[in-house]
Amino acid sequence: MTARFGERARAALEAHGPLCVGIDPHAALLAAWGLTADAAGVREFGLRTVEAAAGRVGIVKPQVSFFERYGAAGFAALEEVLAGARAAGLLVIADAKRGDIGSTMTDYAQAWLPTDAPLEADALTVNPYLGVGALDGAFALAEEHGKGLFVLAATSNPEATMLQRATTADGATVSAAVIAEVSRRNADATPAGEWGSFGFVIGATVDQEQAGIAPFAPVAPILAPGFGAQGATPADLARRFGPQAASVIASESRSLLSAGPAALAETIADRAAQYREVSRG
């Protein structure tokens, strides 16, 4: 039986520290790396990034859109990158932000979460803004196969403010209500003392007080974009996340990938060491 994702994420953070390497082969980076803007280029980019990350961090996060833009060939390239990362011992978060209702959502999850799924990943980002209950098929599949979900809760893009900081009838922000509802599912599914497998996306640049977010239980991993090029630094980890900093997965992409393929491994190693130094105090 595969260990639950929450515990595997916990082990990865304890072993390697908070840094997660984003695999984001957008056009400007492909050109800078001397790669073609096609499926072959994103495949090479992804596999080189996996090779540089393996043994230096515990988690990688391919951004699905950069592969999907090349259609079937792009998805075939992504399959190789996902498989290569998992074979290298990395936890893989597929950043696809899927969100739908009923059987449609369940079939999205079927593509990513079951063992030996075509695009098998360890976790998937999902969008709850059709209602958290609309994700029930994905919650069930994740729990069945020892996989995880990262539910968008408080994102840092300004367009999200009107929706995510709106308040419910009891005065909670929508972000807080999403966290509370997913946390109830974690409480039902998680053995005592373990981390929940249904985590949250909370931007590192989000003012959590303004977003109405308070510490939650049980502990679940927090995927935090916004480190690196978007402005947050390793030194910000404790200040921005407080008592939950130990469960934060700090995602960086451009700040690392812009080093280029020759310097990428060294850049990842140096940045990972900075995070470990801060997180271990």
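Summarised in this report is the structure supplied together with it. Predicted, not measured: the structure shown is a model, and the values here were computed from it.

Along strand 6 (residues 198-202), 5 of the 5 residues are buried, which leaves the element largely enclosed by surrounding structure. Where strand 5 (residues 148-154) and strand 6 come together, 5 bridges link them in parallel fashion. Residue pairing across strands places Ala154 opposite Ile202, the latter belonging to strand 6.

Moving on, we come to the nonpolar core. Trp112, Leu149, Ile202, Phe227, Phe241 and Ile268 are the most contacted members of the largest nonpolar core, which has 73 residues in total. If we ignore the near neighbours within four places in the chain, the residues touching Ile268 are Leu19, Val21, Ala52, Ala53, Arg56, Val57 and Leu256.

Bringing the sheet that holds strand 4 (residues 123-126) into the picture now. Ordered in space as 1-2-3-4-5-6-7-8, the 8 strands form a closed barrel in which the pairing is parallel. Going across the sheet, the axis of each strand differs from the next one's by a mean of 30°, ignoring polarity. Both strand 6 and strand 7 (residues 222-224) contribute to a ladder of 2 bridges, which runs parallel. From the neighbouring strand, Phe200 faces strand 7, where its bridge partner is Ile222. Here helix 1 (residues 5-16) sits on the sheet in contact with strand 2 (59-62), strand 3 (91-98), strand 4, strand 5 and strand 8 (248-252), set at roughly 125° to strand 3. Of the strands in this sheet, strand 1 (19-23) and strand 8 touch helix 12 (residues 264-279), which is tilted by about 145° from strand 1.

Bringing the pattern of salt bridges into the picture now. Following the criterion strictly, the structure yields 18 salt bridges and no others. Put simply, Glu120 and Arg86 hold a salt bridge, and the shortest N to O gap is 3.2 Å. Taken together, the residues span a long stretch of sequence, with Glu120 in the loop between helix 6 (102-112) and strand 4 and Arg86 in helix 5 (residues 71-87) at a distance of 34 residues. Under the relative-accessibility criterion, Glu120 is labelled buried at 11%. Between Asp122 and Arg86 there is a salt bridge, and its shortest N-O distance comes to 3.4 Å. In this pair, Asp122 is assigned in the loop between helix 6 and strand 4 and Arg86 in helix 5, connecting sequence segments 36 residues apart. Its relative accessible area of 29% is what places Arg86 among the partly exposed residues.

Here we come to the packing of helix 6 against helix 7 (residues 136-145). With their axes 7 Å apart at the nearest point, helix 6 and helix 7 run at an angle of 30° to one another. Comparing the axis directions of helix 6 and helix 7 gives the class roughly parallel. Where helix 6 crosses over helix 7, the handedness of that crossing is right-handed. Residues Met105, Thr106, Ala109 and Gln110 of helix 6 touch helix 7, and the partners they reach there are Gly137, Ala138 and Leu141. Residue composition of the contact of helix 6 with helix 7, grouped by class: 4 nonpolar, 3 polar and no charged.

Parameters and conventions
- Residues numbered from 1 in each chain as written.
- Predicted model: local features only at pLDDT ≥ 70, side-chain atom pairs only at ≥ 80, totals over all residues.
- Heavy atoms only, no water.
- Buried < 20%, exposed > 50% of the residue type's maximum accessible area, 1.4 Å probe, protein only.
- Helix = DSSP H or I, 4+ residues; strand = E, 2+ residues; numbered from the N terminus.
- Pairing = 2+ DSSP bridges.
- Core = buried A, V, L, I, M, F, W, Y, C linked by side-chain atoms within 4.5 Å.
- Contact = heavy atoms within 4.5 Å.
- Axes fitted to C-alpha atoms, helices over the stretch in contact; angles between N-to-C directions.
- Salt bridge = Lys/Arg side-chain N within 4 Å of Asp/Glu carboxyl O.
- Parallel < 35°, antiparallel > 145°, perpendicular 65-115°, else oblique.
- Left-handed = near helix turned anticlockwise from the far one by under 90°.
- Nonpolar A, V, L, I, M, F, W, Y, C, P; charged D, E, K, R; others polar.

Coordinates in, geometry out; function isn't part of it.
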